Each structure stands twice: as C-alpha cells, then as structure tokens.
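Summary of structural features
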Amino acid sequence: MNFSVAFLRSTAPRFSRSLATVSHPPRSSAPIRHDWTRQEIQKIYDSPLLDLVFRASSIHRQNHDPSKIQLCTLMNIKTGGCSEDCSYCSQSSRYSTPTTASRLLDIEPVIQAARKAKENGSTRFCMGAAWRDLAGRKRGFERILQMVREVRGMGMEVCTTLGMLTPEQAKQLKEAGLTAYNHNLDTSREFYPQVITTRSYDERLGTISAVRDAGISVCSGGILGLGESDADRIGLIQEVANMPEHPESFPVNALVPIPGTPLEGNERVPHHILLRTIATARVVLPGTIIRLAAGRNTLSESEQAMCFMAGANAVFTGEQMLTTPCSPWDEDKAMMGRWGLEGMQSFEQASVARKEGAALGPQNPRTVSELQAESS
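Notes on the structure follow.

Rules of the game
- Along every chain, residues carry numbers that run from 1 in the direction the sequence is written.
- Predicted model: local features are reported for residues with pLDDT of at least 70 only, side-chain atom pairs are reported and counted for 80 or more only, and whole-chain, interface and lining totals are derived from all residues.
- Hydrogens and water molecules were not included; the side-chain quantities draw on all heavy atoms of the structure.
- Numbering goes from the N terminus for both helices and strands, where a helix is a DSSP run of H or I of at least four residues and a strand is a run of E of at least two.
- Contacts are assigned to residue pairs that have any heavy atoms within 4.5 Å of one another.
- A 1.4 Å probe and the Shrake-Rupley method give the accessible areas. Residues count as covered only by the protein chains that appear here.
- Here, nonpolar core means buried Ala, Val, Leu, Ile, Met, Phe, Trp, Tyr and Cys residues that are tied together by side-chain atoms lying within 4.5 Å of each other.
- For each residue, the accessible area found with a 1.4 Å probe, counting protein chains only, is set against the maximum for its type, and the residue is called buried under 20%, exposed over 50%, and partly exposed in between.
- The rule is short: rings of Phe, Tyr and Trp, with Trp giving its six-membered ring, pair when the centres are within 6.5 Å, and they are stacked under 30 degrees, edge-to-face over 60, tilted in between.
- Whether a charge lies above a ring is judged from NZ of Lys or CZ of Arg, which has to be within 6 Å of the ring centre and within 35 degrees of the ring normal.
- Every helix has an expected span of 1.5 Å times one less than the residues it contains.
- Salt bridges are identified by distance alone: a Lys or Arg side-chain nitrogen within 4 Å of an Asp or Glu carboxyl oxygen.
- Axes, fitted as lines to C-alpha atoms, cover a helix only where it is in contact. Angles between the N-to-C directions of the axes lie from 0 to 180 degrees.
- Here the word oblique covers every angle except those under 35 degrees (roughly parallel), over 145 (roughly antiparallel) and from 65 to 115 (roughly perpendicular).
- Should the near helix be turned anticlockwise from the far one by less than a right angle, the crossing is left-handed, and should it be turned clockwise, the crossing is right-handed.
- Here the nonpolar group is Ala, Val, Leu, Ile, Met, Phe, Trp, Tyr, Cys and Pro; Asp, Glu, Lys and Arg are the charged ones; every other residue, Gly included, is treated as polar.
- If you view a crossover with the strands going away from you and the path from the first strand over the helix to the second runs clockwise, you call it right-handed.
- In short, DSSP must find at least two bridges between two strands for them to pair.

**Points about the overall build of the chain**
- The helix and strand inventory of the chain stands at 13 helices and 10 strands.
- Restricting to contacts in the chain with at least 6 residues of sequence separation, those with at least 24 account for 77%.
- For the chain, the accessible area works out to roughly 16,800 Å², and carbon and sulfur atoms hold 54% of it.

**Details of the nonpolar core**
- Core analysis: the largest hydrophobic core is formed by 88 residues, its most contacted members being Ile77, Tyr88, Phe125, Leu173 and Ile278.
- In terms of residue count, helix H9 (residues 271-284) provides more of this core than any other element does, 8 residues in total.
- Apart from residues lying up to four places away in sequence, isoleucine 278 is in contact with Val252, Ile290, Leu292, Cys307, Ala310, Gly311 and Ala312.
- Grouped together as the second largest cluster of nonpolar side chains are 7 residues, Cys126, Ala180, Ala293 and Phe316 included.

**A short note on the packing of aromatic side chains**
- A full pass over the atoms with the stated rule returns 1 aromatic pair.
- Between tyrosine 192 and tyrosine 201, the aromatic rings sit 5.2 Å apart at their centres with planes inclined by 70°, giving edge-to-face as the arrangement.
- Taking relative accessible area as the criterion, tyrosine 192 reaches 2% and is therefore assigned buried.
- Over the face of the ring belonging to tryptophan 36 we find arginine 33, whose NZ or CZ atom lies 4.1 Å from the ring centre.
- Over the face of the ring belonging to phenylalanine 316 we find arginine 291, whose NZ or CZ atom lies 5.7 Å from the ring centre.

**Some words on helix H8 (residues 230-241)**
- An ideal rise of 1.5 Å per residue puts 16 Å on 12 residues; H8 measures up with 17 Å between its terminal C-alpha atoms.
- Counting buried positions along H8 yields 9 of 12 residues, so the element is predominantly enclosed.
- Of the residues making up H8, those classed as buried are Asp232, Arg233, Ile234, Gly235, Leu236, Ile237, Gln238, Val240 and Ala241.
- Among the structural elements, helix H2 (38-46), strand E6 (222-224), strand E7 (249-254) and H9 are those in contact with the buried residues of H8.

**Focus on the pattern of salt bridges**
- Following the criterion strictly, the structure yields 18 salt bridges and no others.
- Put simply, glutamate 245 and lysine 355 hold a salt bridge, and the shortest N to O gap is 3.1 Å. Remark: lysine 355 occurs in helix H12 (residues 350-360) and glutamate 245 occurs in the loop between H8 and E7; sequence separation between them is 110 residues.
- Given the relative accessible area of 36%, glutamate 245 is considered partly exposed.
- Look at lysine 355 and you get buried, because its relative accessible area is 14%.
- Linking arginine 338 and glutamate 301 is a salt bridge whose minimum nitrogen-to-oxygen distance equals 2.7 Å. Within this pair, whereas arginine 338 is found in helix H11 (residues 329-339), its partner glutamate 301 is found in helix H10 (residues 301-309), the two being separated by 37 residues in sequence.
- Of the residues examined, arginine 338 reaches a relative accessible area of 54% and is grouped as exposed.
- When salt bridges that share partners are traced, they join Arg33, Asp35 and Glu40 into one network.

**Here's the deal with the packing of H2 against H9**
- Contact geometry for H2 and H9: axes closest at 9 Å, N-to-C directions at 130°. As judged from the angle between their axes, H2 and H9 are oblique. At the point where H2 passes H9, the crossing takes the right-handed sense. Across the interface between the two elements, Ile41, Ile44, Tyr45 and Asp46 from H2 touch Ile273, Arg276, Thr277, Thr280, Val283 and Val284 from H9.
- The class makeup of the residues in the contact of H2 with H9 is 6 nonpolar, 2 polar and 2 charged.

**Focus on the pairing of strand E2 (residues 124-129)**
- Among the 6 residues of E2, 6 are classified as buried, and the element is accordingly described as predominantly covered.
- Crossover strand E1 (residues 68-78) to E2 through helix H4 (residues 107-119) is right-handed.
- Where E2 and strand E3 (residues 157-161) come together, 5 bridges link them in parallel fashion. Paired with cysteine 126 across the bridge in E3 is cysteine 159.

**Some details on the side chain of histidine 60**
- Looking at the element boundaries, histidine 60 is found in helix H3 (residues 49-63).
- Using a relative accessible area of 3% as the deciding quantity, one classes histidine 60 as buried.
- Not counting chain neighbours up to four residues away, the residues in contact with histidine 60 comprise Pro66, Arg282, Gly311 and Asn313.

**Some thoughts on the packing of H3 against H9**
- Two elements in contact, H3 and H9, have axes separated by 8 Å at closest approach and are oriented at 40°. When the axis of H3 is compared with that of H9, the two are oblique. Relative to H9, the crossing made by H3 is left-handed. Along the contact surface, H3 presents Leu49, Leu52, Val53, Arg55, Ala56, Ile59 and His60, while H9 presents His272, Leu275, Arg276, Ala279, Thr280, Arg282 and Val283.
- Partitioning the contact of H3 with H9 into residue classes produces 8 nonpolar, 3 polar and 3 charged.

**Re the environment of arginine 103**
- Looking at the element boundaries, arginine 103 is found in the loop between E1 and H4.
- Residues arginine 103 and alanine 130, 27 residues apart in the sequence, show an inter-C-alpha distance of 9.9 Å.
- Those residues in contact with arginine 103 that lie beyond four places of it in its chain are Ile77 and Lys78.

Here it is, written out as structure tokens:
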C-alpha cells in the first residue's frame, strides 16, 4: 500500500462523519425574518452571481437536504373560458388562443391521473381550474372536494388552484384533506396592473390569508419574463418574505409565450435572471420549498443543475403543466440519477407535516413517519 492510499484510509472516518450532514442537514439557528426592506433584498440580488449562488447553496444546506427534490404533477381539471384578463394566460376567454374551453372533469379520470403520478414517483398532486372564483359553482366545488378526499386518501399531498377563495371555502378544502393551495402573486404590487386588471393585488393577498388561516400550506410565487424589471422581482420576493408566515412553497415560473395572448412576443427570460431570482429567494426564504415551474423544459440539464445548486428543490414533472409543456417523469428521474438527487416523500417538509398533524387534533397526533407511511 503506498503512502497516499494509507493516508486516505487513515483519514476516511473523520471525512465520512462530516459528510453525514448531507443526508440529515443541520437546521439553521438564525431566526426567520419578516421585516425585509427592498434595499436589503436589492443588495442580495445585485451581489456577484457566483457569490450569490454560493451563499444561497449554503443556506439551502442548513435548512434542507440538498439531495432531495419534491416531484409534483399538475393536472388541468377545468380548461379555458376564464373571465380574467391575465396577459400571459391562454385560458382567458378574452384572447384567441389554441386552448379550447371545457367543463370540469369527472372524478374518475382525475383519480386515475393521480395514481399514475404516484406510480411515477410524484408525491404532490396539483389540480387547477380556470376560474376567477367559486361563486355559483356549488356542485363543481363539491366534486372538487371529493377529488381532494380521494387523492389525499392515496397518501399524496394534494394542492389545488381554483382562483379566489372565501374563508369558508378554504375551511371546507382543509376539512377535505387539502395540503396546499396555489395562488401566485405573479409580480410586484407596482407592476401587477400592467399584467392583470380584473383582480387586484389585495384580492390575491386576501385569498392567501384565507388559506393560511384555514391551516392550509400556501404556495405562492411569480412569473419571470412578463416585462418586469429587477425591482419588480425584488418587490415580489419582499412581498412574500414579509407575510406573517413564509409560503411553504414559492414557484418560480419562466413565461412561456402563448400565441394570441398580449405577451406572445415576449423574449425568453435569460437563465442568469432565473438563477439570480431563485438564489435571492433562497436567502430570504430559507425554509420554503422553491419550485422550478413553468418553462423548465426550455432549460438545459446543466442550467437546471445550477438552479438546484442555488436552492430550487421542487419541480413539476409529468405529461404537461396546465397548458404548457412539462418534462416527462422518465427524463426527470434519469437526470436526477445523474446528479445524485432523489424524490422527497410526501409530507417530508417539516412545516407541511406540522400543519397536517395539527389538523388531526391533540386526540389523534400524527408523526411525520406516519404521514409518510400513508404514501407507501
């Protein structure tokens, strides 16, 4: 045995002990802040990109297992015909787009899709309906509540995005077993009126408050490439960072321009902007899952890897997003295998597990391991 091999073997135990933190990362002792100023976030956002990615990666490893990625599948359960005027959306009835309006799906096709997603490794199943709100949709809402019950009974995390909610509707969704509700702010308060005029920023915040108050995990993020400035991306991050609770999930979407929409001619957002936004969000939202969402299929594998390094730890995977392309399960699993990544279990995020347990009450406490066992 030469000296180099002997030296490596003699020092291996100590090296292995340090690597043990990769599977079980230490939790940061730094308090979660809710008082960020724009100037503070601007300074983080403007720092040299590689320094920013390194800082974000360090914070990510203090708060999350860097080898884990949450795999989510999104299904459109009611397509098109929406009365909103969101400038990026092919489902608006105001624009002539390739999307054809349809009725709310029956329960069985949705359950079949959830089963398929689970078999392919997804642990969160998300359902979207192109509605402004649920007013006058009592029968449809009852059907959705049953969808939630069925998917939750499979041991999966369940997410919906149904437009604006009242506190009572949020409570009913929670009682049905809903894990999370997606309601994106899209951009900063200042730029928002340039993108949407049929629903105010405060109305969006009101739905998020109703969701949070019902004990449902909040999924709220934005879209890059709307024509916004760096200041608007910073404003979006500040808005969610200063909520009473940070969203459990922060989706970062890259605009997919849809023919027929007002933003059809927008250029693809540069990767460095996407990366800088993810890294800044990771620094400011240390415990939040950051979801690399729409537009991911346009990124190369190395570009995606940089996003994971900067703190992204969730993706949508499967046959498609709502109306835009998605990276298939097989491709994603192969990519994750090459990079040494694996899928999270259901309810692995501590804040989500706490809310699930709290919903069951003190007479029936549920541990994280018990919640996860439901998904096996």
